Structure formats: C-alpha cells, structure tokens
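Here is how the chains run, residue by residue.
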There are 2 protein chains.
Amino acid sequence: MAKKAAIIGGGVIGGGWAARFLLHGWDVHVSDPDPEAKRKIDEVVANARRSLPGLLDEAMPEEGRLTVSKKISDSVKEADWIQESVPERLQLKREAYKEIQQECQHETIIASSTSGFTPSNLQENAARPSEIVVAHPYNPVYLLPLVEIVGSANNSDSTMEAARRTLEEIGMRPLRIRSEIDAHIGDRLLEAVWREALWLVRDGIATTSEIDETIRLGFGLRWAQMGLFETYRIAGGEQGMKHFISQFGPALKFPWTRLTDVPNLDDDLVHRITEQSDSQSGRYSIRELERIRDNNLVAILRGLKAQNSAAGSHLRELDRKSAERLKGPVAKPLPTSNRTIPPDWTDYNGHVNEVYYLEIFSKATDRFLEFGGCGPDYAREGFGFFTVDTRLRYLNEITEGERVRTFTQCLSFKGKKLHLFHVLKSRDGQELATGEHLLLHADLNLRKTVVPAPQRVKVLQEIADAHSALRTPAAASLL
Amino acid sequence: MAKKAAIIGGGVIGGGWAARFLLHGWDVHVSDPDPEAKRKIDEVVANARRSLPGLLDEAMPEEGRLTVSKKISDSVKEADWIQESVPERLQLKREAYKEIQQECQHETIIASSTSGFTPSNLQENAARPSEIVVAHPYNPVYLLPLVEIVGSANNSDSTMEAARRTLEEIGMRPLRIRSEIDAHIGDRLLEAVWREALWLVRDGIATTSEIDETIRLGFGLRWAQMGLFETYRIAGGEQGMKHFISQFGPALKFPWTRLTDVPNLDDDLVHRITEQSDSQSGRYSIRELERIRDNNLVAILRGLKAQNSAAGSHLRELDRKSAERLKGPVAKPLPTSNRTIPPDWTDYNGHVNEVYYLEIFSKATDRFLEFGGCGPDYAREGFGFFTVDTRLRYLNEITEGERVRTFTQCLSFKGKKLHLFHVLKSRDGQELATGEHLLLHADLNLRKTVVPAPQRVKVLQEIADAHSALRTPAAASLL
C-alpha cells in the first residue's frame, strides 16, 4: 500500500512537497484553509509532472493520490510523514503542531519547512517535542535536491535517521546540520546577499535586473556546480586554498559592504524594487516564469548529470537505484529503457527533436551492452563497441511528458560485428521509432577494431544466440 | 592586421584575459616578472582552447599570437587595449599605470581587473587618468561572459563606450555600473556570502564541503539561470514581488547572520578551512578541478543556450553574429556548419558520442532549411519539415577540440518529400561521417504532412534544381 504524507499548508512550498511525494508514489493529503488551495496545488503538481520525471533516465513509480481539505485533523491521522509549511510565524507553527499531535499517530515525524526557526524554537510547549524536526527545502521543492535537516537535543539519532531515509526515498539529498542555528546554513548565506542587494538598489548603484545579470552571467554559473569554497580553491591557482585566503583575507577589513547596517525596508524601497522587478520580468506571468525556470533547471541538471558532477551525480545515483535489473530469460527483445520525455527535448516544431530519439537508442545500446557484460567496466579493461552505421525511422511524433520504452533485439553477433535493432514504444505499445545499429568491437588503446576474445563476450553471445530464434524485423535494412 | 592586447600580470585572471583575446583573434603580449609566467599562461590558454570554442556553434577566428615578457614597456607600445591584472594592492597598480602611460599610445584604454578599487582610486596621480577604467571579469575569464565596467567622473562617455565595444568584440557581456563604489556589484554580494561562510566554518556549524553542497544542490542552481530578484519574484507565488518582500521583510531584523561582525581570519581559521578544503577536493589537482569546472560550465551554458535563456541567450547572439551568410551560387553542396567539438560530447569510449554526430547534422538541416527560406519563421507561419528516415555512417572518430565542417547536398525535392545528404569533414577535408535524411513537409497545426504551396518553397526549389546536376553520392541508400 502507498505511504501517506500529510502536508500542512498548500502554498508554493507545501505544493512543491505535495508534488514531490505524489510523483514518488506516495498518497498525499494537503490541508489548507485557502479556498483556492486545490487549484494552486494542482498547478504546482502540473509543473512538477512536466519537469521532474524527465530529469531521470528511469521511469518513476505510479503517482499517488492527492486529497485537499481545510482541516488539519482530516489529513494527519494515518500519515507516515507530516510536513508543515505554514507561514513563517512561530505562534502559528506551534498551534499547528498542537493540533497535529492531538490527531496523528505517535512516532510520526513532523518536519517543518521553516527557513528561520530552530527546532528548539518550534518544539517549545509541544506535546511530543522529540517528533518535531526541521526539513528545510529549496524552491522548487520538486526539482532541487537539497534539504537541510536539523534536530535539537530533544531529537534522537534514530528520529533524524528516519527523517533522512524518508527524504532520500523521495529523491532528495538531505544534509544534516551539525548544530541548530537561526536560518540553518543556506538561508544565512541568502540573507547576507539579500541585505547587500537591497542596499545596492536603495543606493541606486544597480537595478534588480542588473543585480540578477551580475549573478546569472557571472558567479551564479560557478555556484551551480562547485559552490563557494571549491571555486575559490581553484581561484588560488597552483598555490591553492591557503594562497587564496591570504589574498582575500585583507579585503575582509575593507569597507566593501554595507553589512554592518540593516537596510530599512520602507515603502519607498519596496516600491522601487517592485517597479524594477516589474520592468525586468513583468512581461511574463508567474506561471510562465516558473516554466522558464524549470526548463532551465532541467537543462542545467541534465547537463551536470552528463558530467556526473554536483547535483548531476545525485541524479545518476537515483537512476542507478531504480534501473530495472534484467532477470530471467533473454529469449525476447530486452527492455533497455523506460523513461519520461523531459521538457528540454522539444524543438521549434513543437515535438521531440530528432536528436533525442538517437539519445534514447544510444543509451539503450549502452544498457544492452551492460546486460551483455560489455559496459563501462569493459571499457576500463580497454575494449568496447563503436557504432559504424545507424538507421533511424521516425514513425510518430513524441511530446514532452510522454512515457516511452525501448526493446532491443540482437540481430546478429559474429566476429567483431554486432547488429542491434531497437524499437521505441509508447506506453500503450504503439511503435514510435526504430533504431538499427551496426557496431564493431574495438581495442580502445589501439583505437582499431579487433575480434573479441570469446570468454570476454560470453554473456553477449548467449543473448545473441537466444535472439537468433526471433524473427528479423521487416524494417531491418543494414544487413 | 590583428589587434593587439597588452596584459599586465599573467596570473589566473591575466591568463584568462590572454586566452579570451587570443581565441578571438587578437595578438596578445603578456608582461609578468614571474619566470614561470609563460608556462602558467600556456596552461590557462590550453584550458580555454578545449572549452570556449566548443561553446559556440560557429567557428571562431584564427587564434592570435602570444608573446610573454618580463617588462611592461615591451608589451604596451602598440597595444589597442591594455588590461591590468596585477595583485590587489593600490600602490602596485598605480606604479603599473605610470610605467604603462610612459610607453603606450595616447587614448589607449587601460582597464583594471580590480575586484575592489574604484576607478577614482586607481586614477589618482596618473598621467592621463581619463584613460584608466575598471573592467572586472569573473574567473574563468575565458568562459564567463560578465564583465563589470566602471568609470569615474574623469572618464568620458566615449571612453566607456569604446571599452564596451572592445569587450563585446571578445564575446563578453559588459555591464556598465551606474556609480563607482568599492567592490562594484558582484564582489559586494560575494563578500557578504564569504564573511557569513567564514563564520559558519569558524563556529563549527558547517564544513566547507557542507556549505558548497548547500549552494550547488540548492540555490546555486537557481542563481545560474535567474539570479536573485527574479527567483524571489516567483517565490512570491501568484501575489508576486510585493508579497515576497513583505514576507521576507521582517526577517531582515532577525539575528540570522553574524554580519555585523567581521570574522577574524586568524591562523586557526585559515588552518581549519585549508584542512577541510583539502579533504573535500584534495584528491584532485588544481588542473583537474579546472577541467571539471570548465566541463560543467560548458554543459550548463550549452543547456541554457538550448533554452535561449540567461547566459545561453548571450551565446546565441554571438553565434548569430558570426554565422556564415550564404552568398553567391548554390550549385555546390552548401556549407551548413563550421564548429569546434565541445568537451562535454565525449563518452566513456574516449571519443565523440554517436548522438552528437546527429546533433551536428540536425543543426545542418536547420541551417539548410533557413537558406531555403523554411526555418523558424516558416514554423511561425505554421509549416515545417519533419524528418522521417535517417541513415548515419560513422567513418572516423572525432575528439574534443576538433574543428569540423558540414556540407549539404539536396538529393531531391518533389511534392512534400525532401531528401538531404550531409557530409561531415575534418579541417583537412577527411570525411568523418555522412548523414542522409528524408523529410516530409508538414502542417504544424494539423500535425500532418501536406504538399507545400510552390511560392512558399521557391528558394528551396531553386537550390534543389541547382543540386540536381550534382552526382548522387554512392553511399546514398534511402532512395
């Protein structure tokens, strides 16, 4: 039976949590007094559906069921996880915990999305403080992997570990903070930047758009992949970190920032920011901006995944965990991919660009070779297969969000020559495309084709022999 | 004749400038007293060569010539641009300007890479203060587009505009800062984060690795594409910026940060950071980290380019500017691509992955259709060509950094059927691959194939007619 998450508060963050749990197969019950809550959550879930599944190269589980109601008591009774995302007011949060703990099962973890309060703050006066922790995510919750988990002296290690396991189960990367402090780690850094940015706008040094430009065309690109310290380690050049710090050290004493003051967020400044932000981004609705942001995040994350770096390494691990393991007979075409089409694969003709059909087939070939014991490990031994000829037949259009599968038949494997035929199918079994590939076995050090040693390609040969009984597809043409 | 840049100081930043100018076809003369300067600069240029050209879809100009010498006077005499990147000490910089202005031509702009000093600071006591400006880049200078340009009351508008033009010429995105302040814009924000991060490490709340993780798996991903204000605008949900600020406003008063204090960068803290950084990244040399960083940046930037967003829009503009315009007779196969292979196209077999051959051919098809008047504009009118069948022959391996060209022959165009044949060639004319594509003309609204109106495909028909006299390649097989 599906696990159950109760989400208290269905705003941008609560909706994001709801989407993440749902898409990982949990049933989700959101409680929010806002009469518009259902519509708003549906919109966040729609955003998540078009971006999260396609980020992965493996299919996600079947979606859970979503329920939205006004009262907390409706949602928490049978919950396995309770996520609180009510507005950032301590009293409001404490009242919510009181109501929750009257109804929920003992031992159920209540995690707060608070960006500022410590767990000790939150736990005060609670019926069972040991069950309340902080799990602070980043917006959009359904795409960004990081979640800071923080406990107080009241929380046992086993509670913190249980929290970690649940958050990992929904594809996140929990970072357990060593000591509770206001605003944890991330929001302390963000707050520092935010204050300084407000000064820059207030003093007329830069507009909101110029500040954004400075970040996204400059250091923001660095931070997306290495963060702060690793970036600076490199900036130190050959002399490394120590050199960098000693260079930068004196600057700490310079009057470079206005940080010693807190800017007064008066009506004038609010007005100026709002006006500048409108002229910067006002031509897009928030919904459009969300989609632009999500498409960009998918593109960045998929790029990092191809590099196996930063958040991309995390995505690779998720794929590895959920990759279908081949079991049993190999007498039929092998399932070599099962995935959802990401939004960044669409071209100006409004469908999946031709290139990505080959990306799917290329990965299917990799998977087939892995099944046959000739994957990346074999490359490390100095051997592999090079594609020399390919035929792609595009039979039907594919659009973003579609679930597709690939089945691979080995048409022959003789000497150094391997001949594969992939069929790409829609969820309901319709043929979308075929990919036919001739590959030659190669010595990666000599960079030339060679006949493989039979014992090294034994499994591959077994699959080929089993497939020799199958009918050759009529469309096969590279014979 | 190639323009000439003089680079004063050949460290990480000076080397990055040298690389950027060189790869944009400028002759570069670096002066640096360090006996190791030449080797260090060569290494930065090697990094740039493998990452920058492949970021673009169009070939860059022929590289300029690099000279390295010890004395400033050697380098500045004939310079069209002088970039100063000596260590961050005011006296050192002022002495450099004195020496430079004794030798250089009048009117030559001297731009300082300073991250902290204002132009007024720098200009004090200079022979010709009006020729000294700030052009502050971000590391790696050869990849990140942003450069802050700052002038004082001494600098004329025409000087600032001339600076902008030169920086645009080498592919950067200059941002002219409205008023000179210490540390301009970006480094004020960075300094704020840096101070807060030092506190977090000093207080034992987080290690360098945990802080980096928080950034690169959390908000760093957002900042790479939208920066600060646009991100927060979205976070406000449907109520937008004003709502967000009013929510966040009170937090400014919370004791969230240690910003009111400047951390004391004593030996203990330096030691702690160095040790943590070593355990985080010490398994890689700086050279390796640079390559990981650059591969990631290329992947992120190319992802954003496909989305036509943030730094990616900037790259698209650069491509548009340098795209070869088809002129004259069309009686031969048309040049449809001329580009350098980026580092993120290499797979575990150590060569360009099969998918990117198709990416090149797919873009070549797009270019061919643009030549024929049937590109994105035609799509906006509701028509286009869908690929239905493709044959790819892989004839030779390709590796990162190679310059390749594509030539496209139209084998036939009759009714709704268009038949193209691409040949991918190395710089010296060797055939690397061929791509044969059958396309059908389609109505994008009806999503079905239709015969085009002849007047709409007139130019395409002219090319097809001209190509009908050419010999059909022996390898063509989809006839």
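This text goes with the structure placed above it.
The rules behind each value
Residues numbered from 1 in each chain as written. Chains lettered and ligands numbered in written order. Predicted model: local features only at pLDDT ≥ 70, side-chain atom pairs only at ≥ 80, totals over all residues. Heavy atoms only, no water. Helix = DSSP H or I, 4+ residues; strand = E, 2+ residues; numbered from the N terminus. Buried < 20%, exposed > 50% of the residue type's maximum accessible area, 1.4 Å probe, protein only. Contact = heavy atoms within 4.5 Å. Areas by Shrake-Rupley, 256 points an atom, 1.4 Å probe, with all protein chains shown as cover. Lys, Arg positive; Asp, Glu negative; His and termini not counted. Charge placed at Lys NZ, Arg CZ, Asp CG, Glu CD. Core = buried A, V, L, I, M, F, W, Y, C linked by side-chain atoms within 4.5 Å. Salt bridge = Lys/Arg side-chain N within 4 Å of Asp/Glu carboxyl O. Pairing = 2+ DSSP bridges. Axes fitted to C-alpha atoms, helices over the stretch in contact; angles between N-to-C directions. Least-squares fit on C-alpha atoms with pLDDT ≥ 70 in both. Buried area = accessible area lost by both parts, 1.4 Å probe. Polar contact = N/O pair within 3.5 Å; in protein donor to acceptor, adjacent residues only side chain to side chain. Expected span 1.5 Å × (residues − 1). Phe/Tyr/Trp six-rings, centres within 6.5 Å; stacked < 30°, edge-to-face > 60°. Parallel < 35°, antiparallel > 145°, perpendicular 65-115°, else oblique. Left-handed = near helix turned anticlockwise from the far one by under 90°. Nonpolar A, V, L, I, M, F, W, Y, C, P; charged D, E, K, R; others polar. Bend = angle between axes of the 7 residues up to and from the residue.

S.K.: Just to check I follow, could you spell out the overall build of chain A for this structure?
M.R.: The number of helices and strands found in chain A is 16 helices and 14 strands. Each principal axis of the C-alpha atoms in chain A carries an extent, and together these give about 75 × 55 × 45 Å. The buried share among the 479 residues of chain A stands at 61%. By sequence separation, contacts in chain A at least 24 residues apart represent 71% of the contacts at least 6 residues apart. Within the structure as shown, chain A displays about 18400 Å² of accessible surface, and the carbon and sulfur contribution to it stands at 48%. One finds the centroid of the 62 positive side-chain charges in chain A at a distance of 6 Å from the centroid of its 67 negative side-chain charges.

S.K.: Mind showing me how you'd approach the nonpolar core here?
M.R.: If you look at soluble globular proteins, the nonpolar side chains tend to sit buried side by side. The biggest cluster of nonpolar side chains holds 189 residues, and the ones touching the most others in it are A:I211 and B:I211. Other than its neighbours up to four places away in sequence, A:I211 contacts A:A197, A:L200, A:V201, A:A206, B:I185, B:L189 and B:F229. Within the second largest apolar cluster, 32 residues are counted, among which are A:I341, B:W345, B:Y356 and B:V404.

S.K.: Just to check I follow, could you spell out the pattern of salt bridges for this structure?
M.R.: Residue and element names in this part refer to chain B. On inspection of all chains with the given rule, the structure shows 75 salt bridges over all chains. Of the charged contacts in the structure, one is a salt bridge between K38 and D42, with a shortest N-O distance of 2.8 Å. With a gap of 4 residues between them, K38 and D42 both fall in helix α2 (residues 37-55), about one helical turn apart. In this structure K38 comes out as partly exposed when scored by relative accessible area, which is 40%. A salt bridge links D203 to R202, with the shortest nitrogen-to-oxygen separation between them at 3.3 Å. On the accessibility criterion, R202 (40% relative accessible area) is partly exposed.

S.K.: Explain the sheet that holds strand β5 (residues 110-112) of chain B here, please?
M.R.: Sheets are built from strands paired through backbone hydrogen bonds, the pairs being either parallel or antiparallel. All names here are of chain B. The sheet built from 8 strands is open, its strands ordered β3-β2-β1-β4-β5-β6-β7-β8 with mixed pairing. The outermost strands of the open sheet, each flanked by one partner alone, are β3 (66-69) and β8 (173-176). Here the strands of the sheet are splayed against their neighbours by 25 degrees on average, with no regard to which way each runs. The sheet contact formed by β5 and strand β6 (residues 132-137) spans 3 bridges and is parallel.

S.K.: Help me out: how do you make sense of the relation of the copies chain A and chain B in this one?
M.R.: For the pair of chain copies, the relating operation is a rotation around an axis with a shift along it. Rotating chain A by 180 degrees about the axis while translating it 0.0 Å along that axis superimposes it on chain B, leaving an RMSD of 0.1 Å. Both copies are brought into coincidence by an operation consistent with a two-fold rotation axis. A shared binding surface is used by both copies, with 100% of the interface residues of chain A retained as interface residues in chain B.

S.K.: Before we go on, may I ask you to explain the pairing of strand β13 (residues 431-443) of chain B in this structure?
M.R.: Two faces make up the sheet, and in a regular strand the side chains alternate between them. All names here are of chain B. Across the 13 residues that make up β13, a large majority, 12, are buried. As judged from the 11 bridges shared by strand β10 (residues 383-394) and β13, these two strands associate in the antiparallel manner. The residue of β13 that forms the bridge with F386 is L440. Remark: 4 residues form the turn of the hairpin made by strand β12 (residues 417-426) and β13, two consecutive strands paired antiparallel; G429 in that turn has positive phi of roughly 90 degrees. Between β13 and strand β14 (residues 448-449), which pair antiparallel and follow one another directly, the connecting turn spans 4 residues, one of which, R447, has a positive phi of 55 degrees.

S.K.: Looking at this structure, how should I read the interface of chain A and chain B?
M.R.: Buried accessible area, meaning the area lost when the parts come together, often serves as the stated size of an interface. Contacts between chain A and chain B engage 146 residues on the former and 146 residues on the latter. Carbon and sulfur atoms supply 65% of the area buried between chain A and chain B, which totals about 14300 Å² over both sides. For A:E210, the salt bridge is made with B:R178, and the minimal N-O distance between the two is 2.9 Å. Applying the counting rule to chain A against chain B returns 42 residue pairs in polar contact (both at pLDDT 80 or more). Take the side of chain A that touches chain B: its biggest share by element is 18 residues, from helix α8 (residues 208-226) of chain A.

S.K.: I'm lost on helix α12 (residues 286-307) of chain B in this one. Help?
M.R.: A turn of α-helix holds 3.6 residues, and therefore any two residues three or four places apart point the same way. Given a rise of 1.5 Å per residue, 22 residues ought to cover 32 Å, and the 31 Å separating the end C-alpha atoms of α12(B) matches this to within 8%. Downstream of α12(B) by one or two residues, B:N308 has phi in the positive range, about 55 degrees.

S.K.: Can you help me understand the pairing of strand β11 (residues 403-414) of chain A in this one?
M.R.: Residues and elements named next belong to chain A. Relative to β11, strand β9 (residues 334-340) is paired through 6 bridges, and the arrangement is antiparallel. Paired with P335 across the bridge in β11 is F407. In terms of strand pairing, β11 meets strand β12 (residues 417-426) through 10 bridges, oriented antiparallel. Bridging across to β12, V404 finds its partner in S426. As consecutive antiparallel partners, β11 and β12 are separated by 2 residues, and within that stretch G415 has a phi angle of approximately 60 degrees, a positive value.

S.K.: Would you mind showing me how to read the environment of A:A18 here?
M.R.: Residues and elements named next belong to chain A. Inspection of the secondary structure assignment puts A18 in helix α1 (residues 12-23). Here the alpha-carbon distance between A18 and D42, two residues 24 residues apart in the chain, equals 9.6 Å. Not counting chain neighbours up to four residues away, the residues in contact with A18 comprise I7, V28, V30 and I41.

S.K.: What should I look at first to understand the sheet that holds strand β5 (residues 110-112) of chain A in this one?
M.R.: All names here are of chain A. The sheet built from 8 strands is open, its strands ordered β3-β2-β1-β4-β5-β6-β7-β8 with mixed pairing. Looking along the sheet, the strands with just one partner apiece sit at the ends: β3 (66-69) and β8 (173-176). Pairs of neighbouring strands in the sheet enclose a mean axial angle of 25 degrees, with direction left out of account. The pairing of strand β2 (residues 27-31) with β3 spans 4 bridges and is parallel. If you follow V30 over to β3, its bridge partner there is V68.

S.K.: How should the side chain of B:E148 be read in this particular structure?
M.R.: Residue and element names in this part refer to chain B. Take E148: it is sitting in strand β7 (residues 146-150). Buried charged residue E148 carries no salt bridge. Nearest counter-charge: R188, at 9.3 Å. Side-chain polar atoms of E148 contact the side chain of H136, separated by 2.8 Å. Of the polar contacts made by the side chain of E148, one reaches the side chain of Y138; its length is 2.8 Å.

S.K.: What is the right way to read the packing of aromatic side chains from this model?
M.R.: Aromatic rings considered in pairs are described by the distance between their centres and by the relative angle of their planes. Taken as a whole and judged by the stated rule, the model has 23 aromatic pairs over all chains. Every member of this aromatic cluster is reached through a ring pair, and the members are A:Y138, A:F219, A:W223, B:Y138, B:F219 and B:W223.

S.K.: Please clarify how the packing of α1(A) against helix α2 (residues 37-55) of chain A should be interpreted in this entry.
M.R.: Each pair of packed helices gets described by two things: the angle between the helix axes and the distance between those axes. Residue and element names in this part refer to chain A. Taken N-terminus to C-terminus, the directions of α1 and α2 make an angle of 50 degrees; their axes are 9 Å apart at the nearest point. Judged on the interaxial angle alone, α2 and α1 are oblique. Seen along the crossing, α1 lies across α2 with a hand that is right-handed. Each of G15, G16, A18, A19, L22 and L23 in α1 lies in contact with α2, whose residues at this interface are I41, V44, V45, A48, R49, L52 and P53. Here the residues of the contact of α1 with α2 are counted per class, giving 10 nonpolar, 2 polar and 1 charged.

S.K.: Any chance you could explain the packing of α12(B) against helix α13 (residues 311-322) of chain B here in plain terms?
M.R.: Residue and element names in this part refer to chain B. α13 packs onto α12 with a crossing angle of 75 degrees between their chain directions and a minimal axis gap of 7 Å. Judged by the inter-axis angle, α12 sits roughly perpendicular to α13. The residues of α13 that touch α12, namely those facing L301, L304, K305 and A306, are A311, G312, L315, R316 and D319. Counted by class, the contact of α12 with α13 contains 5 nonpolar, 1 polar and 3 charged residues.

S.K.: Sorry if this is basic, but what is going on with the environment of A:S426 here?
M.R.: All names here are of chain A. Looking at the secondary structure, you find S426 in strand β12. Sequence separation between S426 and D278 is 148 residues; the distance between their C-alpha atoms is 42 Å. Apart from the residues within four sequence positions on either side, S426 is in contact with E402, R403 and L432.

S.K.: Help me understand the side chain of B:E84 in this model?
M.R.: Residue and element names in this part refer to chain B. Mapped onto the secondary structure, E84 falls in strand β4 (residues 81-84). For E84, a relative accessible area of 0% puts it in the buried group. A polar side-chain atom of E84 sits 2.6 Å from a polar atom in the side chain of S112. When sequence neighbours within four positions are dropped, the list of residues in contact with E84 reads I8, K93, Y97, A111, S112 and S113.

S.K.: Sorry, what's going on with unusual backbone geometry here?
M.R.: Trans peptide bonds make up the majority, and among non-glycine residues the majority have a negative phi. Residue and element names in this part refer to chain A. Following N139, the chain continues into P140 via a peptide bond in cis, with omega recorded as 0 degrees. In this model, H184 sits at a positive phi of 55 degrees, which is unusual for a non-glycine residue. On the secondary structure map, H184 appears in the loop between β8 and α7 (186-202). Classification of H184 by relative accessible area gives buried; the value is 1%.

S.K.: What's the story with helix α8 (residues 208-223) of chain B in this structure? I'm lost.
M.R.: Counted at 1.5 Å a residue, the expected span for α8(B) with its 16 residues is 22 Å, but the 20 Å between its end C-alpha atoms falls short. Residue B:R216 marks the point of greatest curvature in α8(B), where the axis turns by about 45 degrees.

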